[in-house]
Amino acid sequence: MLCQERIDARLSDAEILVRSGADIGDPHVFLRSLWTQVYDRAPMPLRSSVLRRLHALSRLLGVAYVHGDAPGSPA
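Predicted model only: the values in this text are computed from it and were never measured.

Calculation criteria
Residues numbered from 1 in each chain as written. Predicted model: local features only at pLDDT ≥ 70, side-chain atom pairs only at ≥ 80, totals over all residues. Heavy atoms only, no water. Helix = DSSP H or I, 4+ residues; strand = E, 2+ residues; numbered from the N terminus. Expected span 1.5 Å × (residues − 1). Contact = heavy atoms within 4.5 Å. Core = buried A, V, L, I, M, F, W, Y, C linked by side-chain atoms within 4.5 Å. Buried < 20%, exposed > 50% of the residue type's maximum accessible area, 1.4 Å probe, protein only. Phe/Tyr/Trp six-rings, centres within 6.5 Å; stacked < 30°, edge-to-face > 60°. Lys NZ or Arg CZ within 6 Å of the ring centre and 35° of its normal. Axes fitted to C-alpha atoms, helices over the stretch in contact; angles between N-to-C directions. Parallel < 35°, antiparallel > 145°, perpendicular 65-115°, else oblique.

Asker: Requested: an account of helix H3 (residues 47-61), with residues and values cited.
Answerer: Between the first and last C-alpha of H3 there are 21 Å, a value that for 15 residues agrees with the 21 Å anticipated at 1.5 Å per step. Considering only its buried residues, H3 is in contact with helix H1 (4-20) and helix H2 (27-37). Positive phi shows up at Gly62, right after H3, with a value of about 75°.

Asker: Describe the nonpolar core, naming the residues involved and giving the relevant values.
Answerer: In terms of nonpolar packing, the biggest core is built from 18 residues, with Ile7, Leu11, Leu34, Val38, Val50, Leu54 and Leu57 touching the most fellow members. Leaving out residues up to four positions away in the same chain, Ile7 has contacts with Leu2, Val38, Ala42, Pro43, Leu46 and Val50.

Asker: Quick rundown of the packing of aromatic side chains? Include the residues and the values.
Answerer: One pass over the structure, following the stated rule, counts 1 aromatic pair. It is Arg47 that lies over the ring of Tyr39; its NZ or CZ is 4.9 Å from the centre.

Asker: Can you explain the packing of H2 against H3? Please cite residues and give values.
Answerer: Direction vectors running N to C along H2 and H3 enclose 170°, while the axes themselves pass 11 Å from each other. One way to sum up the angle between H2 and H3 is to call them roughly antiparallel. For the pair H2 and H3, contact is made by Pro27, Phe30, Leu31, Leu34 and Trp35 and by Leu51, Leu54, His55, Leu57, Ser58 and Leu61, respectively.

Asker: Which residues make up H1, and what are the values?
Answerer: Between its first and last C-alpha, H1 extends 24 Å over 17 residues, near the 24 Å set by a 1.5 Å rise per residue. A positive backbone phi angle near 80° is found at Gly21, which sits one or two residues after H1.

What follows is the structure, encoded as structure tokens:
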């Protein structure tokens, strides 16, 4: 389980990368990694806030991403 501080730090780092235009590679792979690293390891009471932030990152990247979808499948 991740604590709130670790969750915030990881998602803030990811948002900075996206906003700065850093080369993150395939945005779907980037988001899938965040889901696995953060959402899947977040305590249940924190998951809704993590979910909102991950969806906001998806919008920033201009991609539709649904956790659990196969790569390349329509979201």
